[in-house]
Amino acid sequence: MSKFWSEMVKRTEPYVPGEQLNDRDIIKLNTNENPYPPSPLVKEAILKQLEGQLRLYPSPTVDELRRVIAETNGISAEQVFVGNGSDEVLAFSFMAFFNPGKPIRFPAITYSFYPVYAKLFNIPYETIEVNEDFTLPAKPFFGADGGVILPNPNAPTSLYMDLSWVESVVVNNPDTVVIIDEAYIDFAPESAVQLVKSHENLLVVQTTSKSRSLAGMRVGYAIGHPALIEALIRIKDSFNSYTIDRLAIAGATAAFKDQKYFDETVLKIKETRERLTEALKELGFNVLPSQTNFVFASHSNMRAVDLYTKLKDEGILVRHFNQSGIDNYFRITIGTDEQMDSLLKKLEWILAGEN
Ligand code: PMP
């Protein structure tokens, strides 16, 4: 704390991301990154940019990238906003659609960046308790004063609510914006993007960080009614005209053009997820039915924090949240089949008490 800090800085409680260890030998399963590299077209596109125009500013309107995202989603470019990772898109959305004095609602167990933004932008919030099985009730989200934000599938629980559930929350908040954070939607059945055409208060936020293997590049986007997109553009242009650099624009555009590679890697991750879930169950774990690229699990014989610590000692990093209600669960990112085999072997060994 310093007397020079603004009131805004004083009230911040910054988000703590999962550990990023530089040790190459570690099996890193703690931040839901994709175990596969991005499409080879991404590298090609970036190399071409490097040879070209880096001395020039990038496009402030990112038209080409917006166009390919629109094409991929069957909507128009005016319905797309692109930001520096979906975290930035979410931060801009808090500024664009939520107001001090009007409480927003989000689940009590959810992405821990939401309360961080709420504090930063002075937006009050109410948290909605999840059901006993970690699914979300719909009604408590109805008629929120200031708006709603929630991930679908939810993080870190990995559970997906179907589109009729999402639509009921959207329809029952006609005067405020409902933000559906779809960071993991490509590993789940159906996106709410198809509801955007008929609901002007719905904003869907997605990312290239998970299903397109581009966490290191920072490209996220929002899809919604052109009036919502215009609000986000106004915020961005009051903050930084060039949030997406030339390499990121080229790389992300190439990633969206390689649908085949995307389909293949997403399918591989889903298959590995099912295999891991079954194997964990055989080891006595309770595993929630994941529709994401991670699983959320607990074991009745050993505390999750101990499992987390023992795995870390063995060079495998998973994520544990010290939060009441989920502190006996740990989250495992889906890696390659080989990584999952190493994990399962270590878990078996740890549970047998041989360490
Ligand atoms: N939303 C959720 C639910 C997430 O888990 C994450 C990843 N930490 C993000 C948004 C942010 O992703 P990115 O900024 O990499 O697009």
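The text that follows walks through the structure, step by step, so that each part is easy to find. (Residues numbered from 1 in each chain as written. Predicted model: local features only at pLDDT ≥ 70, side-chain atom pairs only at ≥ 80, totals over all residues. Heavy atoms only, no water.)

Once that is clear, we can look at the overall build of the protein chain. Scanning the protein chain from terminus to terminus reveals eleven helices and 13 strands. Relative to the globule expectation of 20 Å for 355 residues, the C-alpha radius of gyration of the protein chain, 21 Å, shows essentially globular dimensions. Dimensions along the principal axes, computed over C-alpha positions, put the protein chain at roughly 60 × 50 × 50 Å. Look at the contacts in the protein chain between residues 6 or more apart in sequence, and 74% of them connect residues 24 or more apart. Taken as a whole, the protein chain presents about 16400 Å² of accessible surface, with 50% of it coming from carbon and sulfur. (Helix = DSSP H or I, 4+ residues; strand = E, 2+ residues; numbered from the N terminus. Rg over C-alpha atoms; globule rule 2.2 N^0.38 Å. Contact = heavy atoms within 4.5 Å. Areas by Shrake-Rupley, 256 points an atom, 1.4 Å probe, with all protein chains shown as cover.)

In the vicinity of the ligand, the contacting residues are Gly 85, Ser 86, Asp 87, Tyr 111, Asp 181, Ala 183, Tyr 184, Thr 207, Ser 209, Lys 210 and Arg 218. Considered on its own, the ligand offers 400 Å² of accessible surface; in the complex 91% of this is hidden by protein. No other element matches helix α4 (residues 85-97), which puts three residues into the shell around the ligand. Taken together, the residues of the shell around the ligand break down into three nonpolar, four polar and four charged. (Near = heavy atom within 4 Å. Nonpolar A, V, L, I, M, F, W, Y, C, P; charged D, E, K, R; others polar.)

What follows covers the nonpolar core. Ranked by size, the top nonpolar core spans 56 residues in total, and within it Leu 65, Val 82 and Trp 165 carry the most contacts. In terms of residue count, helix α8 (residues 246-257) provides more of this core than any other element does, seven residues in total. Discounting residues that sit within four places of it in the chain, Val 82 has contacts with Val 62, Leu 65, Arg 66, Ile 69, Val 219, Gly 220, Tyr 221, Thr 243 and Ile 244. One finds Phe 262, Leu 280, Val 287 and Ile 316 within the second-largest nonpolar core, a separate group that totals 29 residues. (Core = buried A, V, L, I, M, F, W, Y, C linked by side-chain atoms within 4.5 Å. Buried < 20%, exposed > 50% of the residue type's maximum accessible area, 1.4 Å probe, protein only.)

The subject of this paragraph is the sheet that holds strand β9 (residues 285-287). The strand order across the open sheet formed by four strands is β9-β10-β13-β12, and the pairing between neighbours is antiparallel. Edge positions in the sheet fall to β9 and β12 (319-320), since each of these pairs with one other strand and no more. With four bridges joining them, strand β10 (residues 294-299) and strand β13 (residues 330-333) adopt antiparallel strand pairing. Each residue of the ladder has a partner; that of Val 295, found in β13, is Ile 332. Of the strands in this sheet, β9, β10 and β13 touch helix α11 (residues 337-351), which is tilted by about 150 degrees from β13. (Pairing = 2+ DSSP bridges. Axes fitted to C-alpha atoms, helices over the stretch in contact; angles between N-to-C directions.)

With the rule as written, the count across this model stands at 19 aromatic pairs. When the centroid spacing of 5.0 Å and the interplanar angle of 80 degrees are considered together, the rings of Tyr 184 and Phe 294 count as edge-to-face. Within this pair, whereas Tyr 184 is found in the loop between β6 (178-181) and β7 (202-207), its partner Phe 294 is found in strand β10, the two being separated by 110 residues in sequence. Here Phe 294 falls in the buried class, since its relative accessible area comes to 0%. Between Tyr 221 and Phe 256, the aromatic rings sit 5.7 Å apart at their centres with planes inclined by 75 degrees, giving edge-to-face as the arrangement. (Phe/Tyr/Trp six-rings, centres within 6.5 Å; stacked < 30°, edge-to-face > 60°.)

The residue Lys 312 is located in helix α10 (residues 304-313) in this model. When its relative accessible area of 31% is taken as the criterion, Lys 312 is described as partly exposed. Sequence separation of Lys 312 and Ile 27 is 285 residues, and the distance between their C-alpha atoms is 9.2 Å.

Time to look at the environment of Leu 41. For Leu 41, the location among the structural elements is in helix α2 (residues 40-51). Of the residues examined, Leu 41 reaches a relative accessible area of 33% and is grouped as partly exposed. In sequence terms Leu 41 and Thr 176 are 135 residues apart; their C-alpha atoms lie 40 Å from each other.

What follows deals with the side chain of Asn 173. Mapping Asn 173 onto the fold places it in the loop between α6 (163-171) and β6. Residue classification places Asn 173 among the buried residues on the basis of a relative accessible area of 2%. Discounting chain neighbours no more than four positions away, the residues touching Asn 173 are Phe 141, Phe 142, Gly 143, Ala 144, Val 148, Val 178 and Asn 201.

All right, on to helix α3 (residues 63-73) then. Taken as a whole, α3 has its buried residues at Leu 65, Arg 66, Val 68, Ile 69 and Ala 70. Of the surrounding elements, those touching the buried residues of α3 are β2 (80-83), β8 (220-224), α7 (226-236) and α8. Of the residues trailing α3, Gly 74 is marked for its positive phi of about 65 degrees.

If a strand is regular, its side chains alternate between the two faces of the sheet. Side chains of strand β5 (residues 148-151) alternate between two faces, with Val 148 and Leu 150 and Ile 149 and Pro 151 buried alike. Judged from the four bridges that link them, β5 and β6 form a sheet pairing that is parallel. For Ile 149, the partnering residue across the bridge sits in β6 and is Ile 179. As a crossover connection, the stretch from β5 through α6 into β6 is right-handed. (Right-handed = clockwise from strand over helix to strand, strands pointing away.)

On to the pairing of β7, then. The element β7 is extensively covered by neighbouring structure, given that six of its six residues are classed as buried. Residues Leu 202, Val 204 and Gln 206 point to one face of β7 and Leu 203, Val 205 and Thr 207 to the other, with burial holding for every one of them. Strand direction decides the pairing type here: β7 and β8, joined by five bridges, are antiparallel. From the neighbouring strand, Val 204 faces β8, where its bridge partner is Ile 223.

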